[in-house]
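# A structural walkthrough
One-letter residues, chain by chain:
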Amino acid sequence: MTSSDMNYLTIALPKGKLFEPAAKLLAALGYTAEGLSENSRKLVIANEARKVKFIITKTADLPTYVEYGAADIGIIGKDVLVEEEKDVYELLDLKFGLCRMVVAVPEVLRQEKLSDYAQLRVATKYPHTAARFFHDAGIQLEIVKLNGSIELAPIVGLAEIIVDLVETGRTLKENNLAEVARIQQSTARFIANRVSFKMKFDRISRLTEELRALVESEVGK
Ligand code: PRP
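Note that the structure is predicted; figures quoted are calculated from it, not measured.

Surrounding the ligand, one finds 13 residues, the nearest of these being Lys17, Lys125, Thr168, Gly169 and Thr171. In the environment of the ligand, an oxygen atom lies 2.9 Å from a nitrogen or oxygen atom belonging to the side chain of Asp164. Between the ligand and the protein, one listed contact pairs an oxygen atom with a backbone N or O atom of Glu167 at 2.8 Å. Contact with the protein chains covers 73% of the free accessible surface of the ligand, which is 500 Å². For the shell around the ligand, the secondary-structure elements that each account for two or more residues are β9 (161–166) and α7 (170–174). The element contributing the most residues to the shell around the ligand is β9, with three residues.

Moving on, we come to unusual backbone geometry. Positive phi is not limited to glycine here, since Gln119 has a value of about 75°. Mapped onto the fold, Gln119 is located in the loop between β6 (99–106) and β7 (121–124). The backbone of Asn176 shows a phi angle near 55°, a positive value even though the residue is not glycine. Its place among the elements puts Asn176 in the loop between α7 and β10 (177–186). A relative accessible area of 54% means that Asn176 is categorised as exposed.

The final tally for this structure, using the stated rule, is 14 salt bridges. The residue Asp87 makes a salt bridge to Arg194 at a minimum N-O spacing of 2.6 Å. You can see Asp87 sitting in the loop between α4 (78–84) and β5 (89–93) and its partner Arg194 sitting in helix α8 (residues 194–199), a full 107 residues away along the chain. Relative accessible area serves as the criterion here: at 31%, Arg194 is assigned to the partly exposed category.

Definitions and cut-offs
Residues numbered from 1 in each chain as written. Predicted model: local features only at pLDDT ≥ 70, side-chain atom pairs only at ≥ 80, totals over all residues. Heavy atoms only, no water. Near = heavy atom within 4 Å. Polar contact = N/O pair within 3.5 Å; in protein donor to acceptor, adjacent residues only side chain to side chain. Areas by Shrake-Rupley, 256 points an atom, 1.4 Å probe, with all protein chains shown as cover. Helix = DSSP H or I, 4+ residues; strand = E, 2+ residues; numbered from the N terminus. Buried < 20%, exposed > 50% of the residue type's maximum accessible area, 1.4 Å probe, protein only. Salt bridge = Lys/Arg side-chain N within 4 Å of Asp/Glu carboxyl O.

In structure tokens form, the structure reads like this:
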């Protein structure tokens, strides 16, 4: 960490569904910057007056940026944290971005028991989480890692089943997929780099407490 970095708090925000609520939450506490948007072409967006820098990353990469200290803090889904297994502090459950990770199959392939899906192929963006789930359930199958549009896989015969996130349930419904097991629930988390947390303790702990108060007031509404 350079000494100039010590003057700034670098915040990582993920592209995708969590970007907007995360940016809004931070902005409510004065942590924002001119031109901060998910589609910004600028990779680092600074607010010189507040001594804050924002970086916008691919969702799955965000924990890596925080683990290596390229960002001091960040906001990311619990699902990604569990999948990526990076060494970061999880400081706060921000309670937004609620979704669940499920096993789903085309309605026509629906079986009675989960073990009936043994030996089949499962497509997912979350191979570690899926492997752990099926291993714990004692079910052997093949996992195929994809990077998005997972629901397409069973439609075109790339896999028979999927492990994916469900928020409203619309995507499953529109693709005639049925949820057959629930793996875990997820919400957005506030995370910090372990060294930054010590070196910038006052700023990060103050922000954590401000976020905690804001989240509690939102949840109480
Ligand atoms: C997520 C998830 C599902 C969808 C679920 O995908 O992977 O496809 O949202 O939401 P719903 O239950 O409200 O329909 P996302 O849009 O993040 O993009 P992806 O397909 O590239 O993963």
